[in-house]
Amino acid sequence: SSSAPLGLKSDWSAAMSPAGSLPLSRLAFSASNGPQIDVFDSYCYQKVGTIEVRDPIVGPIKASVRPDGRLVIVGASATGVIVVTIDRPFTSSCGG
């Protein structure tokens, strides 16, 4: 498996994503100044979502896919570690 943005495995195909959603390998994450994580489609650099968290992320963000297909994002804040599990798919209007 080759590397992808923020440690997300890139061997997940579009066939493994719910209909109309982005392949998980195309997602990239960025900490914001506020208590949120911005989600981007790395194919066209379009923002496709925002994930609200309890505190601003001040350290690195790592993402992984659980065996059940849910996405788990882990980030460091000034008060501790933040773990977010994502069940909903993200969609994008760009091709690819």
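For the structure itself, consult the block above.
Here is a short report on the structure shown in this document. (Residues numbered from 1 in each chain as written. Predicted model: local features only at pLDDT ≥ 70, side-chain atom pairs only at ≥ 80, totals over all residues. Heavy atoms only, no water.)

Here we look at the sheet that holds strand β1 (residues 27–31)
The condition that has to hold: Pairing between strands requires that DSSP locate at least two bridges from one strand to the other. Secondary structure elements follow DSSP: runs of H or I no shorter than four residues count as helices, runs of E no shorter than two count as strands, and numbering proceeds from the N terminus. Lines fitted to C-alpha atoms define the axes here, with helix axes fitted over just the stretch in contact, and angles between the N-to-C directions of these axes take values from 0 to 180 degrees.
An order of β1-β2-β3 is seen for the three strands of this open sheet, with the pairing classed as antiparallel. At either margin of the open sheet sits one strand with a lone partner, and together these are β1 and β3 (46–52). In this sheet, adjacent strand axes meet at a mean angle of 30° when their direction is disregarded. Where strand β2 (residues 36–41) and β3 come together, six bridges link them in antiparallel fashion. Residue Ile37 lies in a different strand from β3, and its bridge partner there is Ile51.

Digging into the pattern of salt bridges
Note the following rule: The term salt bridge refers to a side-chain nitrogen of Lys or Arg lying within 4 Å of a carboxyl oxygen of Asp or Glu. Relative accessibility under 20% of the residue-type maximum defines a buried residue, over 50% an exposed one, and the middle range a partly exposed one, all with a 1.4 Å probe and only protein chains included.
Throughout the structure, instances matching the rule amount to six salt bridges. Among the salt bridges present, the one from Arg26 reaches Asp41, with a minimum N-O distance of 2.5 Å. Of this pair, Arg26 sits in the segment before β1 while Asp41 sits in strand β2; the two residues are 15 residues apart in sequence, bridging distant segments of the chain. Each member of the pair, Arg26 as well as Asp41, carries the same accessibility label: buried. When the shortest N-O distance is used, the salt bridge between Arg54 and Asp55 registers 3.4 Å. Given a relative accessible area of 54%, Arg54 falls into the exposed group. Salt bridges sharing partners connect three or more residues here, namely Arg66, Asp68, Arg70 and Asp87.

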